[in-house]
Amino acid sequence: MVDVSQHELVPEHTVLDDDTVEDVLADYDIERTDLPKIKRKDPALPDDAEVGDVVKIVRDSRTTETAIVYRLVIE
């Protein structure tokens, strides 16, 4: 079976630790629940991602070198 998370078109997904999450939320002046959501069953998520975690996704961008987005893992 193919591991989708290792495909070249899937951007890098990283689970953030609690201190980093707090810094990100403070920078954007938002609550954790204000973040866009991603389902736990999404095949691109790292295996260690759990419901309630915040994932940093680094994508290639046409206008900037990279684009960073954050997602809250939900069931």
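Since the structure is predicted, the reported quantities are computational estimates derived from the model, not experimental observations. All residue numbers refer to positions counted from 1 along the written sequence of the respective chain. Only residues with pLDDT of 70 or above have their local features reported here, since the model is predicted, and side-chain atom pairs are shown and tallied only from 80 upward, although totals for entire chains, interfaces and linings are computed over all residues. Excluding hydrogens and water, the side-chain values take into account all heavy atoms of the structure.

Visitor: Describe the sheet that holds strand E2 (residues 37-39), with residues and values.
Guide: Two strands in a sheet stick together by hydrogen bonds in their backbones, pointing the same way (parallel) or opposite ways (antiparallel). Strand pairing is assigned whenever DSSP detects at least two bridges linking the two strands. In DSSP terms, a helix is any run of H or I states spanning at least four residues, a strand is any run of E spanning at least two, and both are numbered starting from the N terminus. One open sheet accounts for four strands, arranged E1-E3-E4-E2; its pairing is mixed. Pairing within the sheet leaves two strands with one partner each, and these edge strands are strand E1 (12-15) and E2. With strand direction ignored, the average angle separating the axes of adjacent strands in the sheet is 40 degrees. By the bridge criterion, four bridges tie E1 to strand E3 (residues 54-60) in an arrangement that is antiparallel. Its bridge partner lying in E3, Glu-12 is registered against Val-58. Inter-axis angles, ranging from 0 to 180 degrees, are taken between N-to-C directions of lines fitted to C-alpha atoms, where helices are fitted over the stretch in contact.

Visitor: Can you lay out the pairing of strand E4 (residues 66-74) for me, pointing to particular residues and giving the numbers?
Guide: With three bridges connecting them, E2 and E4 associate as parallel partners. Paired with Lys-39 across the strands is Ile-74, a residue of E4. Inspection of the sheet shows E3 paired to E4 by seven bridges, in the antiparallel sense. Its bridge partner being in E4, Val-55 is matched across the sheet by Arg-71. Where E3 hands over to E4, the hairpin turn is made up of five residues, counted between the paired strands.

Just distances and angles here, no functional claims.
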